[in-house]
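Descriptive structure summary
One letter stands for each residue in the lines below.
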Amino acid sequence: MSNSATTFGWLVLLCPLVGTTVIALGWRRWPGRTAGWLGTLAIALSFGFSIAMFAVLMNHSPDDRIFSSSLWDYVVTAGVDAKLSILVDPLSVYMALIVTGVSMLIHLYSVSYMNEDRGFSRYFSYLNFFVFSMLVLVMAGNFFLLIVGWAFVGAASYLLISFWYRRSTATRAGVKAFVINVFGDVGLVIGTFFIFRHTGTLDFVRAFAAVPHVFTHNQADLVAGCIFLLLGAFAKSAQVPLHTWLPDAMEGPTPVSALIHAATMVTAGVYLIARMHPLFEEAPAAADVGAIIGCLTLIVAATIAIVQTDIKRVIAYSTMSQIGYMVMGVSVGAYSAGLFHLMTHAFFKALLFMAAGSIIGAMAGVQSLDRMGGFRRALPFTFACFVIGGLALSGMPPFSGWLSKDDILAFLDHRGGGFLILGILGYVGAFLTGIYTFRMIFRAFYRDPVPEAVELEHGHLAHADVPRNPMTGEEEDTDVGFPGPGHFIAEREWPMKIAMSVLAVLAVIGGVLQIPGVDSGVERFLEPTFADSKLAHTQIATGAEWLGLVIGALIAIAGITVAYVIYIRSPETAPALQKRFAGIHRFLANKWYFDELIDLLIVRPAAWFGRFCESVLERIVISGTITDGTVGIVRAGSAAVRRLQTGFLRYYAALLVVGLSAVALYFLISSS
Amino acid sequence: MAIGWYLVVSAIIFCIGAAGVLTRRNPLVILLCLELMLNAANLALIAFSRLHGGEDGQIFALIVMVVAACEVTVGLGLIVAIYRRRLPIDVDEMSELHG
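Residues numbered from 1 in each chain as written. Chains lettered and ligands numbered in written order. Predicted model: local features only at pLDDT ≥ 70, side-chain atom pairs only at ≥ 80, totals over all residues.

Let's talk about the overall build of chain B
Convention followed: By the criteria applied, helices consist of DSSP H or I runs no shorter than four residues and strands consist of E runs no shorter than two, each listed in order from the N terminus. To get the radius of gyration, use the C-alpha atoms; to get the globule rule, take the number of residues to the power 0.38 and multiply by 2.2 Å.
Of regular secondary structure, chain B possesses three helices and zero strands. The helix and strand sequence of chain B, counted from the amino end, reads α-α-α. Computed over its C-alpha atoms, the radius of gyration of chain B comes to 17 Å, more than 25% above the 13 Å expected for a compact globule of 99 residues. Overall size of chain B, expressed as C-alpha extent along the three principal axes, is 50 × 25 × 25 Å.

Thoughts on the environment of Phe215 of chain A
Residue and element names in this part refer to chain A. The line we're drawing: Any residue whose C-beta has 12 or fewer other C-beta atoms within 10 Å is treated as exposed, any with 20 or more as buried, and any in between as partly exposed, C-beta atoms being built from the backbone. Our contact criterion uses C-beta atoms placed from the backbone: two residues qualify when those atoms are within 7 Å.
Tracing the sequence through the fold places Phe215 in the loop between α7 (204-214) and α8 (220-237). The class of Phe215 is buried, set by 20 C-beta atoms lying within 10 Å. Along the sequence, Phe215 and Ile195 sit 20 residues apart, while their C-alpha atoms lie 9.4 Å from each other. Contact partners of Phe215, with chain neighbours within four places excluded, come to His198, Leu222 and Glu282.

Concerning the interface of chain A and chain B
So the rule is basically this: Asp, Glu, Lys and Arg are counted as charged, while Ala, Val, Leu, Ile, Met, Phe, Trp, Tyr, Cys and Pro are counted as nonpolar; the rest, among them Gly, fall into the polar class.
Counting residues at the interface gives eleven residues for chain A and ten residues for chain B. A total of five residues in the side of chain A that touches chain B trace back to one element, the largest contributor, which is helix α26 (residues 649-671) of chain A. Class assignment of the residues belonging to the side of chain A that touches chain B gives a composition of five nonpolar, three polar and three charged.

Some words on the environment of Ala337 of chain A
Residue and element names in this part refer to chain A. With respect to the helices and strands, the residue Ala337 is situated in helix α15 (residues 335-362). Taking the C-alpha atoms as reference points, Ala337 and Ala220, 117 residues apart in sequence, are found 29 Å from one another. Dropping the residues within four chain positions of it, Ala337 is found in contact with Gly329, Ser404, Asp407, Ile408 and Phe411.

A few points about the confidence of the model for chain B
For the record, the criterion: Per-residue confidence from the predictor is given as pLDDT, running between 0 and 100.
Predicted confidence across chain B gives a mean pLDDT of 90, with 98% of residues reaching 70 or more. Among the scores for the predicted complex, ipTM is 0.86 and pTM is 0.81.

Some thoughts on the confidence of the model for chain A
Per-residue pLDDT for chain A averages 87, and the proportion of residues at 70 or more is 99%. Across chain A, the element-wise mean pLDDT spans from 76 in strand β4 (residues 519-520) of chain A up to 92 in helix α4 (residues 120-139) of chain A.

Some points on the packing of α8 of chain A against helix α13 (residues 284-307) of chain A
Residue and element names in this part refer to chain A. Condition: Axis angles are defined between N-to-C directions and span 0 to 180 degrees, where every axis is a line fitted to C-alpha atoms and, for a helix, only to the segment in contact. Comment on the angle field: the value is read as roughly parallel under 35 degrees, roughly antiparallel over 145, roughly perpendicular from 65 to 115, and oblique elsewhere. Should the near helix be turned anticlockwise from the far one by less than a right angle, the crossing is termed left-handed; should it be turned clockwise, right-handed.
Direction vectors running N to C along α8 and α13 enclose 25°, while the axes themselves pass 8 Å from each other. The angle between α8 and α13 falls in the class roughly parallel. For α8 against α13, the interelement crossing comes out right-handed. Taking contact as the criterion, the partners of Val223, Cys226, Ile227, Leu230 and Phe234 in α8 are, on α13, Ala285, Ala286, Val289, Gly290 and Ile293. Here the residues of the contact of α8 with α13 are counted per class, giving nine nonpolar, one polar and no charged.

Put into structure tokens, the structure is as follows:
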């Protein structure tokens, strides 16, 4: 069925695609900031069409809000229906609104932040492509297009993470992200095969309608398919143990980190699980795996975030942790709560990254928390934004993160049993969140101002004489492939200021969409998508939800207080603790040794296998036996035949005569 | 009509031609011997044509003559080219095209 909603859906996809093409084709010619404005305009139009899509949907009655439309068929044969089709339903509209809305602000911020970079046009072309890929992913109407969008997002993340392609650390991080994402893509494809084998259709609506008829509860194929789908979700959403690319992805420009972490990419896994809820509800075994991994991730990431010293990496680990909440939520059936947290998280995480970008600008590219301090007076606006984002992240009332995170945890507590343990671990994670968030704030903004901050208070923005790689300290220049020479802070750039102000407001009031006992806007809006779900309609008593909210608020306050005591009131505590628990500190600072573990279990065996193939398979079997053997046979055969070619004409003639005579004689004899 | 005699004559001419091709070393003579062989074949064709009363054999003989004329043209051209380059006029000497 096609109508104005799907028309707007196609337009939502078209805008960033046109944007990326136009910017890419004219990359040499766009003067000044034109490419940035074009990119922002494309996403703004896309956001406008998303709103139009939303309006059309709201004009239909709630049980008639799922539309799909296909432009053309790729393959339609017996049993395969690969079409270019989109699905416009409340979930995809919800995601499209978040993706385009937050991306638009990130584009706006980038116009300033990337101003003096030599790859300005290239940057915006990639950025638009990233948004386009994510929109393909969330609007896809069948598994086929979902996989396409999924792979596009991986490719776009590679392009943007290694945007400063002359930094060896950046290119390595890009490759790492891409490889792990491809690992997830393979999982997604195999999972799709498992599902497709039984449902016989790639179309979401028809496949989900078929699920109750073709699958029995916890059937082996279904569980396997769901586990493989989860593998894809884990790789994209940076869940343990496929998370190691995410902190390395901080090598990209800061707005890219905001884009990856807030609006696009990492939320894809959460979306996938929510979209596939009819499958996961029939396969609770797989859903439980998702919940446990989500819970594990949120604890692991939170503990690592406490000891990291790179400001962007701390925020990266906090993203992992928050995505853990969402994955846990949508896996146990708290769809609206998980997606609500996805939205509020998009607001405050984008805000935090933008504020971090502003501090990094003030520090002339330095990202280490050890070097920062006392920026409170020098960067008042950034400070306010960072505190708002931090309060929302740690779940302080009345900020948005408080309502959304505790919505998930209340659902877990309500389901009871083993889920209660996950819920309690979630509260532990929330406590850690308060600590690491305010560790960042106290270390960057409080205490004695560092020279850069003092300079800025006198109106002079610090400038590095020799730009250095923040990770390795290597000297760099400012040519294409490296960060540009300029540094920018929100206080002096109006596009950055506007983007951050909007997000700050949203981070504060975003929670009003869903307040227990008062309003449940998100749940009501998403209801048609989850109408067939058994778990989504679980009603939690308003009192229990408020109890959860109060507990959440107390835990957040406790976490922030601990951070205050350690980092402000008695600053000597932190080094003392570090010395006292040196072993634990080393374990956490090395990120639980996940990188080393993966290196040992996968990278090294793969490299060893590669060398084995090179030295044994390639050299001895292929090159030595098969190729050289064939050459030897041909050479020996031709040497024998060559001797017949004497070059004497009369010899050839004699052979001809003898041969023909023999043939004639044969026919003569055989005919008589 | 007794076809035997015609065929015997044809066979004798053919054998003379073949023997010439095999034994002589002068390319000019070899070409002449080739002509002998072709004409022997023509004789047999026309004899059979008369025997059966059809025209096919005669037409075929005419075509063979055309082909023979072409072949002689090319062959003589080659021989003239060899002569001009002052190479020995001897097929046994021209044995460079060996494996």
